[in-house]
Amino acid sequence: LAVGLLLWLIISQVSRSSREHDTLDRRIAHLVGGAQWVHDQASLELMSGTQSPERLRGAWMDTRRRVNDLATQASEAAVTARGDVVGELRQLSSALTVLGGAMDTHVDLRLQAHGTDAGAAIAINESAETVNERRHALRAAIAPLAAAGWRVALAPTGSYSPMRKR
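Residues numbered from 1 in each chain as written. Predicted model: local features only at pLDDT ≥ 70, side-chain atom pairs only at ≥ 80, totals over all residues. Heavy atoms only, no water.

Undergrad: For this particular structure, what's the right way to read the overall build of the chain?
TA: A tally of regular secondary structure across the chain gives four helices and two strands. The helix and strand sequence of the chain, counted from the amino end, reads α-α-α-α-β-β. The 166 residues of the chain split such that 35% are buried. Of the contacts made within the chain by residues no fewer than 6 positions apart, 74% connect residues no fewer than 24 positions apart. Approximately 9800 Å² of the chain is accessible, and the part contributed by carbon and sulfur atoms is 56%. (Helix = DSSP H or I, 4+ residues; strand = E, 2+ residues; numbered from the N terminus. Buried < 20%, exposed > 50% of the residue type's maximum accessible area, 1.4 Å probe, protein only. Contact = heavy atoms within 4.5 Å. Areas by Shrake-Rupley, 256 points an atom, 1.4 Å probe, with all protein chains shown as cover.)

Undergrad: I keep staring at the pattern of salt bridges and nothing clicks. Help me out?
TA: Once the charged atoms of two side chains with opposite charge are near each other, the side chains can pair. One pass over the structure, following the stated rule, counts six salt bridges. Across the salt bridge formed by R65 and D62, the nearest N and O atoms sit 2.7 Å from each other. Of the two residues, R65 and D62 are both situated in helix α2 (residues 53-80); the distance of three residues between them amounts to about one turn of the helix. Exposure remark for R65: the relative accessible area of 45% places this residue in the partly exposed category. Using a relative accessible area of 32% as the deciding quantity, one classes D62 as partly exposed. (Salt bridge = Lys/Arg side-chain N within 4 Å of Asp/Glu carboxyl O.)

Undergrad: Which parts of the structure should I look at to understand the packing of helix α3 (residues 84-112) against helix α4 (residues 118-147)?
TA: How two helices pack is summed up by the angle between their axes together with the distance between the axes. Running from amino to carboxyl end, α3 crosses α4 at an angle of 165°, the nearest separation of the two axes being 8 Å. One element, α3, and the other, α4, form an angle in the roughly antiparallel class. Crossing of α3 over α4 shows left-handed handedness. (Axes fitted to C-alpha atoms, helices over the stretch in contact; angles between N-to-C directions. Parallel < 35°, antiparallel > 145°, perpendicular 65-115°, else oblique. Left-handed = near helix turned anticlockwise from the far one by under 90°.)

This is the structure we're talking about:
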């Protein structure tokens, strides 16, 4: 009976640990997919300059919320993670936050620009360069998580579906 109880305790602990690992795997896959969407699609669409001010404002409000949510989720995941992934998740959270700030400045400048003001055009171009630098930093933060076995299938609509490589 004691051996059976001990065996049950060991098996239940391994099972619980496996479930916790699977949950973290799903969270990280979601974060990698979301960060890739921000890098590959959302940030480029916001910088394209083709939207009307109303569309740009609406797109940025939605994207900003998603970027902030992803940064918060990455930070929360870092608290429960173990090993190298802790630093990688913190880096991802920081890169998302910094990119969000750069995009916020860029969108604000575009919304405030009037006509052919040369000063505004220079400021917008410089902010676009900053956004691109932050996009590269985000790509660098995504890379170690992606190299660790994460892949994301992007649907044509730009939504993402996380999957772990096996």
